[in-house]
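Residues per chain are reported as follows:
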Amino acid sequence: MASIAAVRDNNSRITQLYGSGLVAVFVGGTSGIGESTARAFVRNTAASRVYLIGRDQARASQIIKELQQVNPDTSVDFIKSDVSLLRGVDEACHTIQQKEERLNLLFLSPGVATTKGRDETDEGLDKKLSLHYYARMRFVANLLPQLTKAEDHAGTSAKPGTTLSRVVSVLEAGGESVLDLQDLSLKTHYSLRNCAKHAITMNSLSMEHLASSYPQVSFIHSFPGIVKTSLGRDSHPITKLALNALMVLAKPWEVPFEESGERHLYAATSPRFPPQSCKDNGNDTAEGSDGHTGSGFYRLGSDGSTYKPSKVMEEYRRDGVRDNIWKHTLDIFANVRGG
């Protein structure tokens, strides 16, 4: 567990640890946890460059105005995109790649609260499963070249030998469960429960696979706890009412909006979660990585603690399912986008 004092101490030392000029992308950065973490990032970094990706231009303009007042040396740009569509992801990534050779942080928190059944986009994917899994992994796959270049272009004044290159996906680490391996995209066995199980478990499996393939990058799957966000803003009125009622009941366990951002910035920058290459060089400062020796993948709870090893993930790793999940993901990308 990381106390809030430890979290704030880490965040205050980001420039000391990694230098100035960090580059960060926040997908879902105009609301909820993405917004609160982007705000914390700007408050605690020097001369950084930030990209907020979302749908709400008016909200983004307001956030940017406020952030530039907080830290005038920071550059904040908005990229308007519907990231439930892989083509929207590709367009956003292309915009970033035209401007940036390297990337230090890719923060992923897009989502939707819905009680609908399968809601298929014109790309043939369920909207919720795409936002919670496929679109996130498409961002990772597209931006890996920039993430892997962070080490070659460390921020100025960084501590020698220290580089930040990290992916954080906010969903429900710790909730991994058995998958329907014959219907991973849930074409015929869709339910909200199955969608949640598949999104959560495939996030963890794919990120662990990527951590082993790209040892210079850390991958984190985070469970945020109970945070009051605008996730259900597009939901049916009855769904909104139910969500509001649940938040009232959960009030004693709620993580405040600003604290959630501080805690996720900690997850995104703490030296506790180094990439595999750092461990290979004898600099292992991690406190656990799902029991997978040498991995740069971490599953974190809302208090910053690492989860105990998952039996489901151990079994899927041993049986080769983990790698098959990533192959399935690449096949989906190829079918939808031609590669």
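Residues numbered from 1 in each chain as written. Predicted model: local features only at pLDDT ≥ 70, side-chain atom pairs only at ≥ 80, totals over all residues. Heavy atoms only, no water.

Taking an unreviewed UniProt entry as the reference, the protein chain is identified by name as Short-chain dehydrogenase/reductase belonging to Aspergillus bertholletiae.

**Topic: the pattern of salt bridges**
Scanning the model with the defined rule gives 21 salt bridges in all. For the salt bridge of Arg337 with Asp90, the shortest nitrogen-to-oxygen distance reads 2.7 Å. One end of the pair, Arg337, is in helix α12 (residues 321-337); the other, Asp90, is in helix α5 (residues 86-99), with 247 residues separating them in the sequence. By sharing partners, the salt bridges in this structure join Glu35, Arg39, Arg59 and Glu66 into a single network. (Salt bridge = Lys/Arg side-chain N within 4 Å of Asp/Glu carboxyl O. Helix = DSSP H or I, 4+ residues; strand = E, 2+ residues; numbered from the N terminus.)

**Focus on the environment of Ala199**
You can see Ala199 is positioned in helix α7 (residues 192-213). Given a relative accessible area of 1%, Ala199 falls into the buried group. Along the backbone, Ala199 and Lys128 are 71 residues apart, and their C-alpha atoms lie at a distance of 8.9 Å. Residues in contact with Ala199, not counting those within four places in the same chain, are Leu129, His132, Tyr133 and Leu171. (Buried < 20%, exposed > 50% of the residue type's maximum accessible area, 1.4 Å probe, protein only. Contact = heavy atoms within 4.5 Å.)

**So, helix α9 (residues 257-269)**
Relative to the 18 Å expected for 13 residues at 1.5 Å per residue, α9 spans 19 Å between its end C-alpha atoms, a close match to the ideal helical length. Most of α9 is tucked away: ten of the 13 residues are buried. Of all the positions in α9, only Ser260, Gly261, Glu262, Arg263, His264, Leu265, Tyr266, Ala267, Ala268 and Thr269 are classed as buried. (Expected span 1.5 Å × (residues − 1).)

**Some remarks on the side chain of Asp126**
Here Asp126 lies in the loop between β4 (105-108) and α6 (127-147). Buried charged residue Asp126 carries no salt bridge. Nearest counter-charge: Arg118, at 5.2 Å. Within polar-contact distance, the side chain of Asp126 engages the backbone nitrogen of Lys128 at 3.2 Å. Among the polar contacts listed, one links the side chain of Asp126 to the side chain of Tyr190, at a separation of 3.0 Å. Setting aside anything within four residues of it in sequence, one finds Asp126 in contact with Gly117, Arg118, Asp119, Glu120, Tyr190 and Cys195. (Lys, Arg positive; Asp, Glu negative; His and termini not counted. Polar contact = N/O pair within 3.5 Å; in protein donor to acceptor, adjacent residues only side chain to side chain.)

**Quick look at the packing of α5 against α12**
Put simply, α5 and α12 touch, their axes get as near as 10 Å, and they point 90 degrees apart. With respect to their mutual orientation, α5 and α12 come out roughly perpendicular. On α12, the residues that touch Leu86, Arg87 and Asp90 of α5 are Phe333, Val336 and Arg337. Across the contact of α5 with α12, the residue classes tally to three nonpolar, no polar and three charged. (Axes fitted to C-alpha atoms, helices over the stretch in contact; angles between N-to-C directions. Parallel < 35°, antiparallel > 145°, perpendicular 65-115°, else oblique. Nonpolar A, V, L, I, M, F, W, Y, C, P; charged D, E, K, R; others polar.)

**As for the pairing of strand β3 (residues 75-80)**
Pairing of strand β2 (residues 49-54) with β3, which is carried by six bridges, proceeds in the parallel orientation. The residue bridging Val50 from the neighbouring strand is Val76, located in β3. What joins β2 to β3 is helix α4 (residues 57-70), and the crossover it makes is right-handed. (Pairing = 2+ DSSP bridges. Right-handed = clockwise from strand over helix to strand, strands pointing away.)

**With respect to α4**
Each turn of an α-helix holds 3.6 residues, which means side chains three or four residues apart point in the same direction. Spanning 14 residues, α4 covers 20 Å between terminal C-alpha atoms, matching the ideal 20 Å at 1.5 Å per step. For α4, the set of buried residues is Ala60, Ile63, Ile64 and Leu67. Projected onto a plane normal to the axis of α4, the buried residues spread over an arc of 100 degrees and lie on a single side. Counted as exposed and oriented over 90 degrees from the buried face of α4: Ala58, Lys65 and Gln69. One side-chain oxygen of the residue at the start of α4 lies 3.2 Å from the amide nitrogen of Ala58, identifying that residue as Asp56. (Arc of directions from axis to C-beta.)

**Considerations on empty space enclosed by the protein**
Scanning the entire structure with this criterion turns up one cavity of 30 Å³ or more. There is about 90 Å³ of room inside the largest cavity. Lining the largest cavity are 13 residues, and of these Ser222, Arg263, Gly301, Ser302 and Gly304 lie nearest its centre. Counting residues per element, the lining of the largest cavity draws most heavily on α9, at five residues. Considered class by class, the residues forming the lining of the largest cavity number six nonpolar, six polar and one charged. (1 Å grid on protein atoms, 1.4 Å probe; cavity = no way out; pocket = protein on both sides within 12 Å on 5 of 7 lines; lining within 4 Å. Points joined across faces, edges and corners; volume = space filled by probe spheres on them.)

**A word on the environment of Ser277**
With respect to the element layout, Ser277 can be found in helix α10 (residues 276-280). On the basis of relative accessibility, which here comes to 22%, the residue Ser277 falls in the partly exposed class. For the pair Ser277 and Pro215, spaced 62 residues apart in sequence, the C-alpha separation works out to 5.0 Å. When residues no more than four places from it in sequence are discounted, the contact partners of Ser277 are Pro215 and Gln216.

**Section: the environment of Gln68**
As for its placement among the helices and strands, Gln68 is situated in helix α4. Taking relative accessible area as the criterion, Gln68 reaches 37% and is therefore assigned partly exposed. Spatially, the C-alpha atom of Gln68 lies 8.7 Å from that of Val42, the residues being 26 residues apart in sequence. For Gln68, the residues in contact, after removing those within four places along its chain, are Thr74 and Val76.

**Description of the nonpolar core**
With 53 residues, the main nonpolar core has Ile53, Leu106, Tyr133, Phe139, Val167 and Phe219 as its most contacted residues. Elements with a contribution of two residues or more to this core: β1 (23-27), β2, α5, β4, α6, α7, α11 (311-318) and α12. The element best represented in this core is α6, accounting for eleven residues. Those residues in contact with Val167, other than ones at most four positions away along the chain, are Leu106, Leu108, Val140, Leu147, Met207, Val217, Ser218, Phe219 and Ile220. Counting 36 residues, the second-largest nonpolar core is a separate cluster that includes Phe41, Ile64, Val76 and Phe78. (Core = buried A, V, L, I, M, F, W, Y, C linked by side-chain atoms within 4.5 Å.)

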